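# Per-entry structural report
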Amino acid sequence: MSLTRLDGASVHRLCSGQVVLDLTNAVKELVENALDANASYIEVRFKNFGLDSIEVIDNGAGIPADDYESIALKHFTSKLRQFEDLTTVDTFGFRGEALSSLCALADVSITTSQKHEEPKATKLEFEKNGHLKCRSITSGKRGTSVTINRLFESLPVRRREFERHHKREFTKAVSLLQAYAVAAVGVKFLVTNTPPSGKKASQIRTNGGKHLRDNITNVFGAKVMSSLMPVEFATEDIDLESRLKFGDQSNSPIALNVSGFISKPDVGEGRSSSDRQLLFINNRPCGLSKLSRSINDIYGVFNSNQNPVFVLNLRLPFDSYDVNVTPDKRTIFLHGEDTIVETVKLNLLQIFEACSRHVARQPQI
Ligand code: ADP
Ligand code: MG
């Protein structure tokens, strides 16, 4: 077969399928956009477990009218100007790929309003290539609502798989949304699903409390929260705030600050699943399997009856990790990962030892 260059539309569809791998990914991108727009209220509405539609509504900044034409074009972003900015960028998004990919894979419409436009809003509909198809004036409050209809319709194999396993895919998406709902302190989250024949059911609801413990209570329940103890430690006493802001210029060891909660070593709920083990880097939920494993190992030394529940946020300078490793940004390249794992292990060891000594000193009744 002779060599030919793929046409632009095919390339776009192929690449989009790699950015938005599944339902979880699609909804994650939309929620991240809402968080980047500084929303304090985020609602996710699944219809038929996401098979019919996914709608993400926020009360964030809204989209400026000047951006309507380019918002869903590939690599158009308001968050990054040049590659070098990546070490200081503190938004979830920066590649300008999500909306453009979603347009290639589904029907996308957006309704948005900025503060000065209220109570008017603009509804935008897009072509598969991300070009604006039509816009119309409607009513709406400040914020943005993005609707994705019939996800993966343009990738028949993926759509069939999604249809076959839609409940499993939905469970996975809700589980990731739990991580975002817990991490986003001060943001009210509501996640619902409306099955084809049945009533709308709420999956996640948080109250937008000011503390991490409020979100953990809302998402995992008061009983789980009461079985946890706080964790707080830092590798060194340096001005982390300024390193976060300006990037670390020195060769000093990694500045790490860890805070959150972990199961007390003397409780036994008997759970063995890992769905209540959340790790964040600068509040970004991420999969850090090596660190997770070692936290489980250390906990196991003190309590072999259960795996711990934990919610831990690692604060690190922005230039000490790279989230641009996979299109879904879940895999993180962590500079000095072994040192970080070791530091967390040692600190937890001390915390659990102190805790066990304290329990041993309690009078037996
Ligand atoms: P990225 O997040 O990497 O910039 P996206 O394709 O996810 O790329 O979004 C493109 C742009 O659309 C964003 O940079 C932002 O300006 C705008 N945008 C998307 N969703 C929202 C939202 N919910 N509220 C405000 N602006 C949004
Ligand atoms: Mg984005």
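Computed from a predicted structure; not experimentally measured. (Residues numbered from 1 in each chain as written. Chains lettered and ligands numbered in written order. Predicted model: local features only at pLDDT ≥ 70, side-chain atom pairs only at ≥ 80, totals over all residues.)

### Quick word on the overall build of the protein chain
Per the secondary structure count, the protein chain includes 10 helices and 15 strands. For the protein chain, whose C-alpha radius of gyration is 22 Å, the value lies close to the compact-globule estimate of 21 Å for 365 residues. Counting all 365 residues of the protein chain, 36% fall into the buried class. Partitioning the intrachain contacts of the protein chain with sequence separation of at least 6 by distance along the chain shows that 67% fall at a separation of at least 24. (Helix = DSSP H or I, 4+ residues; strand = E, 2+ residues; numbered from the N terminus. Rg over C-alpha atoms; globule rule 2.2 N^0.38 Å. Buried ≥ 20, exposed ≤ 12 C-beta atoms within 10 Å, placed from the backbone. Contact = placed C-beta atoms within 7 Å.)

### Some details on the site of ligand 1
Near ligand 1 you find 22 residues, and of these Asn33, Thr77, Ser78, Gly93 and Ala98 are the closest. Among the secondary structure elements, those contributing two or more residues to the shell around ligand 1 are helix H2 (23-36) and helix H3 (98-105). Sorting elements by how many residues they give to the shell around ligand 1 places H2 first, with 4 residues. Counted by class, the shell around ligand 1 contains 8 nonpolar, 8 polar and 6 charged residues. (Near = placed C-beta within 6 Å. Nonpolar A, V, L, I, M, F, W, Y, C, P; charged D, E, K, R; others polar.)

### Describing the domain arrangement of the protein chain
Taken domain by domain, the protein chain consists of domain 1 (10-212) and domain 2 (227-361). Using C-alpha coordinates to define each centre, domain 1 is positioned 29 Å away from domain 2. Contacts between the two partners involve 16 residues from domain 1 and, on the opposite side, 14 residues from domain 2. Counting residues per element, the ones that place at least two in the side of domain 1 that touches domain 2 are helix H1 (8-19) and helix H5 (166-183). Residue composition of the side of domain 1 that touches domain 2, grouped by class: 10 nonpolar, 5 polar and 1 charged. (Domains from an automatic or database assignment.)

### Regarding the packing of H2 against H5
Where H2 meets H5, the axes come as close as 8 Å, and the angle between the chain directions of the two elements is 30 degrees. Relative to H5, the element H2 is oriented roughly parallel. The hand of the H2/H5 crossing is right-handed. Counting all contacts with H2, which are made through Leu23, Thr24, Val27, Lys28 and Val31, the residues of H5 involved are Glu169, Phe170, Lys172, Ala173, Leu176, Leu177 and Tyr180. When the residues that make up the contact of H2 with H5 are grouped by side-chain class, the tally is 8 nonpolar, 1 polar and 3 charged. (Axes fitted to C-alpha atoms, helices over the stretch in contact; angles between N-to-C directions. Parallel < 35°, antiparallel > 145°, perpendicular 65-115°, else oblique. Left-handed = near helix turned anticlockwise from the far one by under 90°.)

### Looking at the confidence of the model for the protein chain
Per-residue confidence for the protein chain gives a mean pLDDT of 88, with 90% of residues at or over 70. Scored as a complex, the prediction yields pTM 0.90 and ipTM 0.99. (pLDDT = per-residue confidence, 0-100.)

### What about the sheet that holds strand E10 (residues 257-263)?
Ordered in space as E9-E10-E13-E11-E12, the 5 strands form an open sheet in which the pairing is mixed. Sheet topology places strand E9 (228-234) and strand E12 (284-285) at the edges, where each strand pairs with a single neighbour. (Pairing = 2+ DSSP bridges.)

### Focus: H1
Relative to the 16 Å expected for 12 residues at 1.5 Å per residue, H1 spans 16 Å between its end C-alpha atoms, a close match to the ideal helical length. Buried-residue contacts for H1 involve H3. (Expected span 1.5 Å × (residues − 1).)

### Looking at the environment of Phe302
Turning to its location among the elements, Phe302 is positioned in helix H9 (residues 289-302). Phe302 sits in the partly exposed class, given 19 other C-beta atoms within 10 Å. Through-space distance from the C-alpha of Phe302 to that of Lys167 is 37 Å; in sequence the pair is 135 residues apart.

### Points about the pairing of strand E8 (residues 201-205)
Summarising the sheet, strand E7 (residues 188-194) and E8 pair through 4 bridges and their orientation is antiparallel. The residue of E8 that forms the bridge with Val191 is Ile204. Adjacent in sequence and paired antiparallel, E7 and E8 are bridged by 6 residues.

### Examining the nonpolar core
If you look at the biggest cluster of nonpolar residues, it comprises 82 residues, and the most contacted ones within it are Val27, Val31, Val56, Leu102 and Val108. For this core, the leading source of residues is H5, giving 9 residues. No fewer than three residues from each of domain 1 (10-212) and domain 2 (227-361) sit in this core. Those residues in contact with Val108 that lie beyond four places of it in its chain are Ala72, Leu99, Leu102, Cys103, Phe126, Val146 and Ile148. (Core = buried A, V, L, I, M, F, W, Y, C linked by C-beta atoms within 7 Å.)

### What about unusual backbone geometry?
Backbone torsion omega between Glu118 and Pro119 reads 0 degrees, so that peptide bond is classified as cis. If you trace the backbone, Pro119 turns up in the loop between strand E3 (107-113) and strand E4 (120-126). One non-glycine residue, Asn38, adopts positive backbone phi at about 60 degrees. For Asn38, the position within the fold is in the loop between H2 and strand E1 (41-47). Despite not being glycine, Asn48 shows a phi value in the positive range, around 50 degrees.

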